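# Reading the structure
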Amino acid sequence: QKSFVTLHVGAGTFMPVKEDNALNHPMHSEQIIVDRTLLDALIQNQGPVIPVGTTSMRSLESMYWWGVKVLEGAENPLFVEKLFPYEEHSPVSAREALVALRNWMGEEEQLVGNTEIMIFPSYTFKVCKGLITNFHQPSSTLLLLVAALVGEDTWKEIYQEALENDYRFLSFGDSSLLLP
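Thresholds applied
Residues numbered from 1 in each chain as written. Predicted model: local features only at pLDDT ≥ 70, side-chain atom pairs only at ≥ 80, totals over all residues. Heavy atoms only, no water. Patch = residues over 30% accessible without salt bridge, like charges linked within 9 Å, V, L, I, M, F, W, Y side chains within 5 Å. Areas by Shrake-Rupley, 256 points an atom, 1.4 Å probe, with all protein chains shown as cover. Salt bridge = Lys/Arg side-chain N within 4 Å of Asp/Glu carboxyl O. Helix = DSSP H or I, 4+ residues; strand = E, 2+ residues; numbered from the N terminus. Axes fitted to C-alpha atoms, helices over the stretch in contact; angles between N-to-C directions. Parallel < 35°, antiparallel > 145°, perpendicular 65-115°, else oblique. Contact = heavy atoms within 4.5 Å. Nonpolar A, V, L, I, M, F, W, Y, C, P; charged D, E, K, R; others polar. Buried < 20%, exposed > 50% of the residue type's maximum accessible area, 1.4 Å probe, protein only. Phe/Tyr/Trp six-rings, centres within 6.5 Å; stacked < 30°, edge-to-face > 60°. Expected span 1.5 Å × (residues − 1). Pairing = 2+ DSSP bridges.

## Some remarks on a nonpolar patch on the surface
- A cluster of nonpolar residues, Ile 50, Val 52, Ile 132, Leu 177 and Leu 179, forms a patch on the protein surface that exposes about 430 Å² of accessible area.
- Mapped onto the elements, Val 52 comes out in the loop between helix H1 (36–44) and helix H2 (54–71).

## Comments concerning the packing of H2 against helix H3 (residues 94–105)
- Running from N to C, H2 and H3 point in directions that differ by 70 degrees, and their axes come no closer than 7 Å. In terms of axis orientation, H2 runs roughly perpendicular to H3. Across the interface between the two elements, Met 63, Tyr 64, Trp 66, Gly 67, Val 68, Val 70 and Leu 71 from H2 touch Ala 94, Glu 96, Ala 97, Leu 98, Ala 100, Leu 101 and Trp 104 from H3.
- Of the residues contributing to the contact of H2 with H3, the split by class is 12 nonpolar, one polar and one charged.

## Points about H1
- Along H1, the positions that sit buried rather than exposed are Arg 36, Leu 38, Leu 39, Ala 41, Leu 42 and Ile 43.
- Turning to H1, the residues buried within the fold contact strand E2 (30–35), H2, H3 and strand E4 (110–115).

## As for the packing of aromatic side chains
- All chains considered together, the criterion is met by 10 aromatic pairs.
- Each ring, one from Tyr 86 and one from Phe 120, has its centre 4.3 Å from the other, and the planes form 15 degrees; the classification is stacked. Taken as a pair, Tyr 86 in the loop between strand E3 (79–80) and H3 and Phe 120 in the loop between E4 and strand E5 (131–134) lie far apart in primary sequence, 34 residues in all.
- In this structure Phe 120 comes out as buried when scored by relative accessible area, which is 14%.
- Note on Tyr 123 and Phe 125: the rings are 5.0 Å apart at their centroids and 80 degrees apart in plane angle, and the pair reads as edge-to-face. The same class applies to Tyr 123 and to Phe 125, which are both buried.
- Ring pairs connect the aromatic residues Phe 135, Trp 155, Tyr 159, Tyr 167 and Phe 169, which therefore count as one cluster.

## What to know about helix H5 (residues 152–164)
- In this model H5 runs 19 Å from its N-terminal to its C-terminal C-alpha over 13 residues, within 8% of the 18 Å that 1.5 Å per residue would give.
- Residue Asp 166 follows H5 closely and has a positive phi angle near 55 degrees.

## Brief notes about the sheet that holds E3
- The four strands lie next to each other as E1-E2-E4-E3, forming an open sheet whose pairing is mixed. What marks the edges here is a single partner per strand, and that holds for strand E1 (6–8) and E3.
- The pairing of E3 with E4 spans two bridges and is classified as parallel. Bridge pairing in E4 places Phe 79 opposite Asn 114.
- Of the strands in this sheet, E1, E2, E3 and E4 touch H2, which is tilted by about 80 degrees from E2.

Following this line, the structure appears as C-alpha cells:
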C-alpha cells in the first residue's frame, strides 16, 4: 500500500556535520503534516514499512515518538526534540504508539507537528524496517541515518561498492534498497 506524508525539509538537513561529536550538530526543526488515512494504514499494516527517502523515514519515526509523548502525557506531543528518542522511555510498540496518536487526534483530518529527530548509530528503529534512498554525501546526518539502519561497517561496504562502480550520488543519483 502506498501512502504519503509531508515533511517540510529545511536547509539544515543537508548541512554537513562539522562537529567532532555529531551530537553537538544543530538539527533544525522541520514541520510534518500527517493525514489520518496514513495513520490508519500504518495501524492496519501487517507487513514491513519501507519508506522511500530519508525524509519519509524521519517523519515515520517521528510519528512513533509523537505517540510515545501522547502516552507519556506530554504537554506538546507533536514535537520531537533532537535527542528525545535516546532518553529512557517505557517500552511501547509501534502499533501502540500509532494507535495512541490516532486516538489523540480524534476526528481531525491532519496532524501538523515538528521534529528535530537525529537518527545516528545506536538508534533503534520503531516503525521502519528498511529504506529506499539515494547515496548521500560524507559527513551528513543522512549518512548517519543510513549507518544507524544498516550498521557502521555495512554502510562503508555499500558506499565503497557505489564508488567503485561509478554510482551517482545526491538527490538525482542512483538509489538503493537498504535492509538491516
